[in-house]
Amino acid sequence: MPATSPPLTATTPAINGIPAASQVRWILASLSLSMLLSSLGTSIANVGLPTLTHVFNASFQQVQWVVVAYLLAITTLIVSVGRLGDLIGRKRLLLAGIALFTIASALCGAAPSLLLLIAARATQGLGAAVMMALTMAFVGETVSKEKTGSAMGLLGTMSAVGTALGPSLGGMLIAGLNWRAIFLVNVPLGIISFILARRYLPQDQPASNTASTRFDHTGTLLLALTLAAYALAMTLGRGHFGVLNLALLLAAILGAALFMLAEGKVASPLIRPAMLRDITLSASLAMNTLVATVMMATLVVGPFYLSRSLALSDAMVGLMMSIGPVISACSGIIAGRMVDRLGAQATVIAGLISMAAGAFALALLPAILGIAGYLIAIAILTPGYQLFQAANNTAVMQDIQPTQRGLISGMLNLSRNLGLITGATLMGAVFAWATASSDIRVAAPVAIADGMRITFMVAGVMLVVALGIAGVGRCWVRRDVKSED
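Residues numbered from 1 in each chain as written. Predicted model: local features only at pLDDT ≥ 70, side-chain atom pairs only at ≥ 80, totals over all residues. Heavy atoms only, no water.

Visitor: Sorry if this is basic, but what is going on with helix H16 (residues 405-435) here?
Guide: Along an α-helix, a turn takes 3.6 residues, which lines up residues three or four apart on a common side. Here H16 is 31 residues long and its end C-alpha atoms lie 44 Å apart, about the 45 Å a rise of 1.5 Å per residue gives. A maximum bend of about 35 degrees is found in H16 at Gly423. Counting buried positions along H16 yields 24 of 31 residues, so the element is predominantly enclosed. Note on H16: the residue one or two positions beyond its end, Ala436, has a positive phi of about 55 degrees. (Helix = DSSP H or I, 4+ residues; strand = E, 2+ residues; numbered from the N terminus. Expected span 1.5 Å × (residues − 1). Bend = angle between axes of the 7 residues up to and from the residue. Buried < 20%, exposed > 50% of the residue type's maximum accessible area, 1.4 Å probe, protein only.)

Laid out in structure tokens, this is it:
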């Protein structure tokens, strides 16, 4: 198992001739750029899909795989690459992931056919999985506990910046150059990220050749197939859950059972079953999934409500949809500092309360105040999301054993991705049912407004459930503390 360095603080001796405080700042700059690139890789491609249908003379369902392939690669591999980083060294693997992401971005920009573009995007997704899985692990390794919340808030800010920047930057690049530019823009950014990571991240220590360092190939394959089946079950069928979706969902359930059975029999499992019996970790993963499901609802339902019910133009819809990510980007660092001052557990609850209030506000205020009501609700919901993310990530990563940081970071990202995938399907289905229309595209404005109200009432209830989980987790932590005393 590779040894890890203690967290760097202002009193730590200089590393490579650089004072520790400056070293930490450069480390965070490197990790932030990696987080920016991985989130930008998702959002910037969406805006190019209409152009790609014309360039490659393909249907929308075919070009949609340019996005799906990227997300599928991240979802299926993020836990495995996190664990691999724990075993072979995080810096080495992160550098390989950044290089792979950068090379794949160049291949995307040079792809002569849609099939090769999709293959290059899947490869780019593998690089992004490495970057996403290891950034939080490096925070736990290099930043002192007193500053972990601020560091997590910074990563949340950069993720929000990447998400917000993607559509506008992608649109400008396509208009000013061509579709290839939306992928090639990652190349210089990737090179800068590689240079920063290579220069400033702490070196990996030599790994010991023990049985505990063996990589769980069987578990990795089973988990990847299980997650792929689930992701495809949730994304195929254009919103209709048919026989193929059901078969894939059953395959995912069977795969999960086989995975847990296999993990109980190997000497060095990818995920030890006992880990999932840890109430604190399980609660954090469950809350992360619920929160991501709700946040995806704003992206799925919001555009329909703004365009069909409020009759806004496409340009205004785009502007309104960018407000949430902008607020998120502005509140991330503040959220991190609140975590450091108030503590992770208390801030998780505060974030969930704010999110629940925002969800119920989205259900009620737009019908009363129109667009002003929508903006007020988003302004309540989004900072709550940043509070929750910074606090939840800090609570999980602060006291994790160094040899598990990559794995746990991967599991946190996986729970978020599963929530996003589930939210796109589940909340979309709730919205379609609530409009009582066979085709949402031609539903009446009143029906769309009804769908909006019911969908976010359901979202609010989900966040109340998340609050209950947080309360149980907090009580469990207090019980453990008392038992230790």
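Visitor: Looking at this structure, I do not really get a nonpolar patch on the surface. What am I missing?
Guide: A contiguous nonpolar surface patch, about 360 Å² in accessible area, is contributed by Ile368, Leu369, Ile376 and Ile380. Elements with a minimum of two residues in the nonpolar patch: helix H14 (344-369) and helix H15 (371-397). For Ile368, the location among the structural elements is in helix H14. Given the relative accessible area of 65%, Ile368 is considered exposed. (Patch = residues over 30% accessible without salt bridge, like charges linked within 9 Å, V, L, I, M, F, W, Y side chains within 5 Å. Areas by Shrake-Rupley, 256 points an atom, 1.4 Å probe, with all protein chains shown as cover. Salt bridge = Lys/Arg side-chain N within 4 Å of Asp/Glu carboxyl O.)

Visitor: What should I look at first to understand the pattern of salt bridges in this one?
Guide: Where charged atoms from two side chains of opposite charge approach closely, those side chains can pair. Taken as a whole, this structure holds one salt bridge when the rule is applied. A salt bridge links Arg453 to Asp450, with the shortest nitrogen-to-oxygen separation between them at 3.1 Å. Highlighted residues: Arg453 and Asp450, both in helix H17 (residues 445-484), separated by three residues, approximately one helical turn.

Visitor: For this particular structure, what's the right way to read the layout of surface pockets?
Guide: Any empty space left between the atoms is revealed when a probe the size of a water molecule rolls over them. Space inside the second largest pocket adds up to approximately 550 Å³. Lining the second largest pocket are 19 residues, with Leu223, Leu227, Leu276, Leu414 and Leu418 sitting closest to its centre. (1 Å grid on protein atoms, 1.4 Å probe; cavity = no way out; pocket = protein on both sides within 12 Å on 5 of 7 lines; lining within 4 Å. Points joined across faces, edges and corners; volume = space filled by probe spheres on them.)

Visitor: I'm lost on unusual backbone geometry in this one. Help?
Guide: Phi is positive for Asn57, which is not a glycine, with a value near 50 degrees. Within the secondary structure, Asn57 sits in the loop between helix H2 (49-55) and helix H3 (60-63). Note on Asn57: relative accessible area 72%, which makes it exposed.

Visitor: Could you clarify how one ought to interpret the environment of Leu414 in this entry?
Guide: Secondary-structure assignment places Leu414 in helix H16. The spacing of Leu414 and Thr75 is 339 residues in sequence and 6.0 Å in space, taken between C-alpha atoms. Look past the residues within four positions of Leu414 in its chain and what remains in contact with it is Thr75, Ile78, Val79 and Leu227. (Contact = heavy atoms within 4.5 Å.)

Visitor: Looking at this model, I keep getting lost on the packing of helix H5 (residues 90-110) against helix H9 (residues 186-200). Mind explaining?
Guide: Packed helices, taken two at a time, are described by the angle their axes make and the gap between the axes. Viewed as axis vectors pointing N to C, H5 and H9 meet at an angle of 165 degrees, and their least axial separation amounts to 9 Å. Comparing the axis directions of H5 and H9 gives the class roughly antiparallel. Crossing handedness for the pair H5 and H9: left-handed. In this structure, H5 contributes Lys91, Leu95, Ile98, Ala99, Phe101, Thr102, Ser105 and Ala106 to the contact, and H9 contributes Asn186, Val187, Gly190, Ile191, Ser193, Phe194, Ala197 and Arg198. Residues of the contact of H5 with H9, tallied by class, amount to nine nonpolar, five polar and two charged. (Axes fitted to C-alpha atoms, helices over the stretch in contact; angles between N-to-C directions. Parallel < 35°, antiparallel > 145°, perpendicular 65-115°, else oblique. Left-handed = near helix turned anticlockwise from the far one by under 90°. Nonpolar A, V, L, I, M, F, W, Y, C, P; charged D, E, K, R; others polar.)

Visitor: Explain H9 here, please?
Guide: For H9, which comprises 15 residues, the first-to-last C-alpha distance of 21 Å matches the rise-based estimate of 21 Å (1.5 Å per residue) to within 8%. Turning to H9, its buried residues number three or more, namely Asn186, Val187, Gly190, Ser193, Leu196, Ala197 and Tyr200.

Visitor: Looking at this structure, I do not really get the confidence of the model for the chain. What am I missing?
Guide: With 85% of its residues at a pLDDT of 70 or more, the chain has an overall mean of 79. Across residues 1-19, confidence stays below pLDDT 50; counting only partners more than four residues off in sequence or on other chains, it has 50 contacts. Between residues 208-212, whose pLDDT stays under 50, and residues either more than four places distant or in other chains, the model counts seven contacts. (pLDDT = per-residue confidence, 0-100.)

Visitor: How do you make sense of the packing of aromatic side chains when you look at a structure like this?
Guide: The description of an aromatic ring pair rests on the distance of the ring centres and on the angle between the ring planes. Summed over the entire model, instances satisfying the criterion amount to four aromatic pairs. On the numbers, 6.2 Å between centres and 80 degrees between planes, the contact of Trp179 with Phe183 is edge-to-face. Under the relative-accessibility criterion, Trp179 is labelled buried at 7%. Between Tyr305 and Tyr374, the aromatic rings sit 6.5 Å apart at their centres with planes inclined by 25 degrees, giving stacked as the arrangement. Residue Tyr305 is located in helix H12 (residues 279-309), and its partner Tyr374 is located in helix H15; the two are separated by 69 residues in the primary sequence. Classification of Tyr374 by relative accessible area gives buried; the value is 3%. Site record: aromatic cluster; members linked through ring pairs are Phe56, Trp179 and Phe183. (Phe/Tyr/Trp six-rings, centres within 6.5 Å; stacked < 30°, edge-to-face > 60°.)

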